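A structural walkthrough
Letter by letter, the chains look like this.
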Amino acid sequence: MHAKMRATPFAANRCLAVISKLFNWANARGLVPEGSNPATRIERFPEHRRERFLSSLELGRLGDALREGETIGIAFDIDMTKPSAKHAPKPENRRRVIDPFAIAAIRLLILTGARLREILDLEWRHVDFERGMLHLADSKTGKKSIYLPPAALPILESLPRVEGNSFVICGSKAGASRSDLKKPWVAITAAAGLQGLRIHDLRHSFASVGAGASLGLPIIGKLLGHTQAATTHRYAHLDCDPLRRAVDTIGATIAAAMNGPSPKDGVVSIGLPAGDEAL
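Conventions used here
- Residues numbered from 1 in each chain as written.
- Predicted model: local features only at pLDDT ≥ 70, side-chain atom pairs only at ≥ 80, totals over all residues.
- Heavy atoms only, no water.
- Helix = DSSP H or I, 4+ residues; strand = E, 2+ residues; numbered from the N terminus.
- Buried < 20%, exposed > 50% of the residue type's maximum accessible area, 1.4 Å probe, protein only.
- Contact = heavy atoms within 4.5 Å.
- Axes fitted to C-alpha atoms, helices over the stretch in contact; angles between N-to-C directions.
- Parallel < 35°, antiparallel > 145°, perpendicular 65-115°, else oblique.
- Left-handed = near helix turned anticlockwise from the far one by under 90°.
- Polar contact = N/O pair within 3.5 Å; in protein donor to acceptor, adjacent residues only side chain to side chain.
- Core = buried A, V, L, I, M, F, W, Y, C linked by side-chain atoms within 4.5 Å.
- Pairing = 2+ DSSP bridges.
- 1 Å grid on protein atoms, 1.4 Å probe; cavity = no way out; pocket = protein on both sides within 12 Å on 5 of 7 lines; lining within 4 Å.
- Points joined across faces, edges and corners; volume = space filled by probe spheres on them.
- pLDDT = per-residue confidence, 0-100.
- Salt bridge = Lys/Arg side-chain N within 4 Å of Asp/Glu carboxyl O.

Next up on the list: the overall build of the protein chain. The helix and strand tally for the protein chain stands at 10 helices and five strands. Looking at the protein chain as a whole, 33% of its 279 residues are labelled buried. Contacts in the protein chain between residues at least 24 apart in sequence constitute 57% of all its contacts with a sequence separation of at least 6.

See below:
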């Protein structure tokens, strides 16, 4: 089974892990014989993590698309080959305004680095406006507090509280939270020219901004709710500022030792011949 799933290594390895866990659980309760786990010693497929980080320019385009979606609406196309196309609105009127709860959810995901369900399942009783925090009784890693940046507070304050619904991001069903963000996300990313961008990539982008600002991996891990340092270490290569300062210092020291600074223009020479001789 595992070999047949070679084309989807992530799914193959996750499936193998579930089977292994199931047999270990059953073995601990005497439901299967000792050593009967079929997943034992099966080598997992190599996995290459897909990491997508938004640049400043891309974040700007995403912000523009969100503003467009909540105001004039996102433009949509009509399949003119379908019989119903003759009843479609005129091209200038083909715009769909995005649900404000969906817009708010996406903005909160961008600003907090939270997981999707942590925002969609958020209840008003979890929101601490005074301290600027979200206190989650349960999450993927258990009890968790999420720190809110100043920009996130107006988003929460602007959302209406629906009677009979305790959730911050209300769904279409009475008293329920929103189930997903698939449709609005596809529309917004298309408008921003970011097709293929996943919602979880917003979490990676949040971490990448922190790493690029040299905030330190332990701090970033705390903000993301990682329980293991190894999980956060994937962002280590983005922390380029210390490396840049280090190489500048080393390079300047070596150059100064070789020839010293030029008194004419402050340019550091490293002993290369001038003119054609340098070739």
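There is more to say, and it comes next.
Moving on: the packing of helix α7 (residues 200-212) against helix α8 (residues 217-224). Contact geometry for α7 and α8: axes closest at 10 Å, N-to-C directions at 150°. By the angle class used here, α7 and α8 are roughly antiparallel. Between α7 and α8 lies a crossing of right-handed hand. Along the contact surface, α7 presents Arg-203, Phe-206, Ala-207, Gly-210 and Ala-211, while α8 presents Ile-220, Leu-223 and Leu-224.

Before going further, it helps to spend a moment on the side chain of Asn-37. With respect to the secondary-structure elements, Asn-37 resides in the loop between α1 (9-28) and α2 (56-70). Of the residues examined, Asn-37 reaches a relative accessible area of 12% and is grouped as buried. Side-chain polar atoms of Asn-37 contact the backbone oxygen of Ser-20, separated by 3.2 Å. A polar contact is formed between the side chain of Asn-37 and the backbone nitrogen of Ala-39, at a distance of 2.9 Å. Apart from the residues lying within four places of it in its own chain, the contact partners of Asn-37 are Ile-19, Ser-20, Phe-23 and Asn-24.

As a further point, take the nonpolar core. In terms of nonpolar packing, the biggest core is built from 39 residues, with Ile-119, Leu-134, Val-168, Ile-169, Leu-181 and Ile-188 touching the most fellow members. Every element with two or more residues in this core is listed here: α2, α3 (100-112), α4 (116-120), β4 (133-136), α5 (152-158) and α6 (182-191). With eight residues, the top contributor of residues to this core is α3. Setting aside chain neighbours within four positions, we find Leu-134 in contact with Ile-119, Leu-122, His-126, Val-127, Lys-144, Ser-145, Ile-146, Leu-148 and Leu-156. Core analysis: the second largest hydrophobic core is formed by five residues, Ala-207, Ala-211, Leu-224 and Tyr-235 among them.

Let's shift gears to the sheet that holds strand β5 (residues 144-147). Paired through backbone hydrogen bonds, the strands of a sheet run either parallel or antiparallel to each other. Taken together, the three strands give an open sheet; going across it, the order is β3-β4-β5, and neighbouring strands pair in antiparallel fashion. The sheet is open, and its two edges are formed by β3 (127-128) and β5, each paired on a single side. The sheet contact formed by β3 and β4 spans two bridges and is antiparallel. Bridge pairing in β4 places Val-127 opposite Leu-134.

Looking at the secondary structure, you find Gly-210 in helix α7. The spatial distance from the C-alpha of Gly-210 to the C-alpha of Ile-220 is 6.5 Å, given a sequence separation of 10 residues. In this view, Gly-210 contacts Leu-215 and Ile-220; residues no more than four positions away in its chain are not counted.

With that settled, the discussion passes to the layout of surface pockets. Computed from the structure, the second largest pocket encloses a volume of approximately 300 Å³. What lines the second largest pocket is a set of 13 residues, among which Arg-96, Ile-98, Lys-183, Pro-184 and Ala-187 lie closest to the centre. Those elements that place two or more of their residues in the lining of the second largest pocket are β1 (74-75) and α6. Per element, the largest residue contribution to the lining of the second largest pocket is three residues, and it comes from α6.

This part is about the confidence of the model for the protein chain. On average, the protein chain scores 84 in pLDDT, and the residues at 70 or more come to 83%. Least confident of the elements in the protein chain is helix α9 (residues 229-232), whose mean pLDDT is 73; most confident is β3, at 96. The low-confidence segment residues 268-279 (pLDDT under 50) makes 11 contacts with residues lying over four places distant or belonging to another chain.

Where β3 hands over to β4, the hairpin turn is made up of four residues, of which Gly-132 adopts a positive phi near 65°. Of the pairings in the sheet, the one linking β4 to β5 comprises four bridges and is antiparallel in character. The partner of Met-133 across the bridge, within β5, is Tyr-147.

Attention shifts here to the pattern of salt bridges. In this structure the tally under the stated criterion is 11 salt bridges. Between Glu-118 and Lys-144 there is a salt bridge, and its shortest N-O distance comes to 3.0 Å. Highlighted residues: Glu-118 in helix α4 and Lys-144 in strand β5, separated in sequence by 26 residues. In this structure, Glu-118 and Lys-144 share a single accessibility class: buried. In this structure, the salt-bridge partner of Arg-198 is Asp-201, at a minimum N-O distance of 2.9 Å. Relative accessible area serves as the criterion here: at 33%, Arg-198 is assigned to the partly exposed category.

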